[in-house]
Structures are given as C-alpha cells and as structure tokens.
Amino acid sequence: MALWEALTRGSSPEALDCGSSPRESSPKVLDWGPSLETPGWGPSLETPGWEPSLETPGWGSSLETPDCGPSLEVQDVLHSSFSRVQDVHSSLARCLVLFWNAPPTSKYFSVQCSPRVQYRITPPPPKSGTLPTSLNGNTVLLITMDTASEVGNDSKLSVMYYGEKTEVLGKAVVHLTAVEISLDVDADRDGQVERNNPNKGSWMWGPNGHGAILLVNCDSERTYGKRRDSEYAEVTRVSDLKDMSPMVLRTSGPAKLPEGYKLTMHISQGDAESVRVFRTRSTAGMHQTLKNPFYKSFVKDYPLVLGSEDLSKEVQYRGGNAEINFYVEGLRFPDKDFEGLISISLSLLEPSSQGFPETPIFTDRVVFRVAPWIMTPNTLNPVEVFVCSTSDNYQFLKGMRRLVENNGYKLKVCHEYMNRGDRWMQDEIEFGYIDSPHQRFPVVLDSPRDGELQDFPYDVLLGPDFGYVTRTAYNEEVSSLDSFGNLEVSPPVIVNGKIYPLGRIIIGVAFPTATKGRNTTKVVQDFLWAQKVQEPIALFSDWLHVGHVDEFMTFVPAPDKKGFRLLLASPDAGYKLFRGLQNDRHGQAKMFDGLGAEEEITVDEILSDDKLRAENDYVQSCIDWNRDVLKRELGLDDDDIIDLPILFHVMEENRAVAYYPDMVNMIVLGKNLGIPKPFGPKVNGFCALEAEMTSLMEGLGLSCTYIEDFASYHKLLGEVHCGSNVRREPFSFKWWNLEM
C-alpha cells in the first residue's frame, strides 16, 4: 500500500534528513512551489498544480489556524516517507511524519484523524491524562490506513499545536489517499499466486522456506522448424505459458493516479539475460484463453514487458480493484556465473521538478530461483528406454526389446539414418528434469562429445514439454571423459547426518596427482556444481582406456538397508571365482565358448598368466581408491557394496578395458537387470559368471537377463549400459525442500 499525504507547509520547504528510510531514494517532499504561504501567516495559499478541486484524485491540502496573530511562520510542519508493510496482518500502509519546526513557541500537540486512519507516536508519550502530548525534536507520528481509498483525499489527519500555557498556536491538516500496490508470485510454492506474501521478496530453502520458482523455457512448442522457446522473444503459442511462472500485479485505489505519477516494472541489467516478462492484454487470464480454440496456435496477445532490450517499462494503473497477469520466463540455468536468483521490481514514481526524472516513492519486489536440472538414479522407475539400431547389432536389439517390452516399458529405437553408425546412446545424452509447483518436464543434457548422434537430442527429443540443454567446450579439449557414460548419480543418501534426498552426481576425472590426465571439461563440471541439489563427487576414472565410471560401478535397488546397493567391478572377486573353479577341477572350462577358437581360453590359462594378474592388481588398486571415496562421500558401509567378478586387461598408456563383457555395465529397469552376457567358463552346462551374478542379485529380489553384446559392443569397448539410455520418473521429493 502506498500512502500519499497532501499538506500545507510554510515558505521554502526543504527535504529533511530522516535517517534510514524504507524508500529506495532519499525522502522527498511534494513540490508545492517556492512561494507557498498560508492564510493568517502571510499572503494567500498558492499550490500550483495541486488545487484541492483536482479530479484525479484531489490530493489537496488545508491548513487551519486560529487567530494566532500576524507573521507567525510554519516551516516544514510535516515531512513524510512511505514504505510497504512487511507484516501482512498489520495495516496496509504507513507514513512516517516528523515534527520539524512547528510554530516556534509550540510545546505540545494533539492529533485527530478519520475513522480509517490510525496513528502511533514515537517515542511513546507518558500517560498524563487528558493533557496534550509534549513536542520535541525527536517526535515521530506513524500513520497507517487499513484499506485503500476509493477516491482521492478521502481521509485526513490533523495536528493541533499548543504553546506554553496550552494556548492554540495552529492546526495542520494532512489529506490522505491510500493505494494498495502488490506484485505477487507463488512465494509459498503451492501452485497459486497468493496476495502480498510477506516473504515474496526473498528466497529460502527448506520445507518451511519461501520464494517463487522459475523454469528455464527450454522445450519447444513447435515440432517442425523447432527452436527452444527461450530463443523466441515472444509468446508464439498459448501452450507455452504453462512453462512460465505466473506473476500478478494487484492494485486497489482511486480511479486514477495523480498527474505525473506512474507505475514502472524493472529488472537489473545483470538479470536481463536470464529472464523475460510477458503480460496479458486481457483481464480474462490464461485459463480462459486456453479454452478458446482461436488461440490454439499463434498468439499476439502477450506482449513482451521486460527483457534484454527493455530493463524497465511503465505498467498501466487500472484503478479500483484490478489485476494484471504476467508470465515470467527463465532463459538460462544456474551456472558458474549465475547463482540462479532473479528479482523483479515494481515502483511507484512521483514527478520531480521540471527537467528532472521521476523518483520512486514505493517499490515492491519479488524473487525467483531458477529450477535446477536434476538427474535421476537407477532406483527410480523407468518410463522409456532408448537404443540405436545399426547394421551389426541385431542380437543386441533383440535382447533389449524382449527385456524392455516384457517388463511393460517403452522402447525407442534411433535408426541408422539418424545415428549414422554411432551406437553409444549413453555417451551422447543424460536424461534429467526440471520441476516447479506449477509445471514439470524432462530435459535432456547433450554432451560435448558431439559424435554422429549429435543431432538426435535436438532433432528428435526436443519438443513440447521436453527440454534441451547443452554445454559447449569452446576453449577446452573434449576427451572421452566428456561422454556421459562418465556421468552418473547415486540414490538418496545420508552422509554424517547430512541428507541428500536427490542423491549425488558422480563424474570421473584424472587422479589428483596426474599432470597429463584427462578430465571432464570444466564447462560441464561448472554446470553440474551450479545446480546445487545433487552435490557432485569426483572419482578417478582416467585409469580406464575409455575412462567412464559406468565401467566399474553402478547402483541397483534393494529392499533393505539404504534402499540400494553399490555394485563394483572386482578383479579380486574374479580371481576368487576362477580359483574356486580350478580347485573344483574345472580348470579346463573355457571362456568365450562358442565365439570361435581364437577367443577361447581356459580357467587354468587365465590363472597362470602372471602379466594379466599384475594388470588386475593395478586395476583393483584403482577401484579400491574409488571405493574409499564412495564410502566416505555416500556414507556407505562394506555391507552396502557388492563386488562383481570382473577382470580387466591393461592396454597402451596403462589404461584398462574389460577382459570379458563387463557385467557391471548393465541397464536397470526396476527389479529387472539387463546384463552383458559374459561368456564365462561353463560348469555343468551353465556359465559360472552368470550363475554367480544371478546368485548375488537374487538375494536382492532382482531378476537378471543376459544380453548378447560381444561383437557389436564389447569388442568396440562398450557394453549394454553404454549402448542404451533410460528416461525415468522424477523424484517425488521437491528440490526446493532441501535443507541448505
């Protein structure tokens, strides 16, 4: 609520130093002209431009003085500044009035006001019965009004001044007009724009937190010739409005503002590249518009208000009880140079002296936080599975189709005209989502690798309610570690009492002491860290030839403990299994049976290969280092980890690859696992590696399906997980309820 006062001053009014003011600028008096004089105190009252008979609203003033004798002057009898009330339950407006150079011999004063006006004197006067209140240089009168004015000057307050013997020296009358102005957002995060929430001007995390939420408008309402909606500086389809955050300007007051006063909405130059604001021309709002079939396609009824080219714009004051709907569009995600907070302000400006710009006398402010991009772990339910079709992966596709469709999920196949022979679906993209109280949709993160699959996420996935984001490494060398087989996320964990309800992101980098190691590009790491809600963990993956964390670890759901298990590749577990086979007189059982004589090797031959053993000792030390990091950063015990029997082979530059199909590189679909068929030694007609894996997983209630990927993926240094991708349901937990 903004509160105007129209009042009478003596000659030569001056702006007073009132100390800390809730206004944006220093306090200013209304310009009554330099020759303002009062009847009984000199010549007749002159108030240029502010006649009491003004129709829009009156804003007039009067000074009533008893016969106090000639030449008595009143200079700056009253001075005021305005502020919006912070407590929603208190009065809707307030005005500070300082008593400054009342009639020179004034010792006391008394106050009278209209019924809708309240006042409070500070410092509080002593209780002295019916005697007038003592006046001193520190006396302040706090004026409030409960409701907005229907017409100008519909309320008033008068101050009577008394001398030493309580004789009346003068009477100052302040005519008051209150206008309620509130820029409103969904600050309590319930999906509705509430009226004048006291916390709308700040942002706080947690279940008892507050502050509005803004989505990056990174989907495309168009399906042909598409671009992300945020790339258009206009609303092209009404359906796009649901991806924006609603904001409402509510006003209540007289039919018009006084001459020269206006409302202006504004943003900072720093926020201008992160946000746009549109408004509706009609008062019907979005919901009625969406019902009108005329507006199903292109719409010109939502003009741009604020953006990079317009940092401020005048907003219409409609008079009476009015609302104007705005739609706020996020343009970019949090990143190294952008915390994600955006503020939008609305100011009431008053005219200054001729030739000078208007100054704000009241400002309302709202704050948004841009919703982060959130990854989804293996423990969340699948929605659809993506794979590539190539000329040589028929068996793989057959196994994947059977696994996916038998468990009731959708299989999406990217055909060769689109993938151009690039089969590594996991490496190209990572699925996530963005969420707010009013809207949620999936968003694909496109990796910097830009292989032959580079057009797939934009051309195929981007669409209505399916967003797209990428990070380009302009000045960095992109390596295999920038593929998203090197990007995973844990299930929710508790670490030393700190809760991570959305899990923690896991990326692979070079060993800390390496001087020439490969790393995930900084631009990707900066983006992941800036999202805040899934604090990343860095693992050592550069010891692998391909360098991806999914080559030695994954998570599967579990019915007990923490709700999941961490699966780790373990050469030690592999040698333990092979020694057990040898001790049970199965040393001549062959690996890779049925794949050709050149591939076959016996258990005895594996165990007698000292070079292979030394290589796996090195690999085990690398995995053990990561094991310790994961235990510490995820709050895990040894009972939370299952070691899988997997051997590796070290190639050039001392970087390792899986010796046989890497069973940890699996796809997790609820309680069903799609695992690379390992072609292990057969005992009594059954693969010993499959038997061990099945036994380990059955204890968790998980079913294992072994998918043949030897020639089409394993020989190309990848497996089932590398060649597939899963879009999952979002968390039920709301990211804004995180305790930060």
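Parameters at a glance
Residues numbered from 1 in each chain as written. Predicted model: local features only at pLDDT ≥ 70, side-chain atom pairs only at ≥ 80, totals over all residues. Heavy atoms only, no water. Pairing = 2+ DSSP bridges. Helix = DSSP H or I, 4+ residues; strand = E, 2+ residues; numbered from the N terminus. Axes fitted to C-alpha atoms, helices over the stretch in contact; angles between N-to-C directions. Contact = heavy atoms within 4.5 Å.

S.K.: What exactly am I supposed to notice about the sheet that holds strand β30 (residues 537-540) here?
M.R.: Backbone hydrogen bonds hold the strands of a sheet together, and the pairing may be parallel or antiparallel. If you walk across this open sheet you meet the three strands as β26-β29-β30, and the pairing is mixed. In this open sheet, the two strands that pair with only one neighbour each are β26 (487-489) and β30. Neighbouring strand axes in the sheet, compared pairwise and without regard to direction, differ in orientation by 35° on average. Here three bridges tie β26 to strand β29 (residues 505-509), and the two strands are oriented antiparallel to one another. The residue bridging L487 from the neighbouring strand is I507, located in β29. Helix α9 (residues 610-634) contacts β29 and β30 of the sheet and is inclined by roughly 165° relative to β30.

S.K.: Please explain unusual backbone geometry as it appears in this structure.
M.R.: Leaving glycine aside, a negative phi is the common case for residues, and trans is the common case for peptide bonds. For the peptide bond that leads from T122 to P123, omega is -10°, which places it in the cis range. With respect to the element layout, P123 can be found in the loop between β6 (117-122) and β7 (133-134). Its identity is not glycine, yet F592 carries a phi of approximately 60°, on the positive side. Mapped onto the elements, F592 comes out in the loop between β33 (590-591) and β34 (601-602).

S.K.: Before we go on, may I ask you to explain the sheet that holds strand β25 (residues 467-470) in this structure?
M.R.: Ordered in space as β20-β23-β24-β25, the four strands form an open sheet in which the pairing is mixed. Each of the sheet's edge strands pairs with one partner strand only, and the pair in question is β20 (374-375) and β25. Direction of pairing for strand β24 (residues 440-446) relative to β25: parallel, over a ladder of four bridges. Across the sheet, residue D446 finds its bridge partner in β25, namely T470.

S.K.: I tried to follow the environment of V216 on my own but got confused; where do I start?
M.R.: By the secondary structure assignment, V216 is in the loop between β11 (212-214) and β12 (245-253). Considering only alpha carbons, one finds V216 and L331, 115 residues apart in sequence, at a separation of 5.2 Å. Residues within four places of V216 in sequence aside, it is in contact with G330, L331, R332, F333, V370, I434 and F441.

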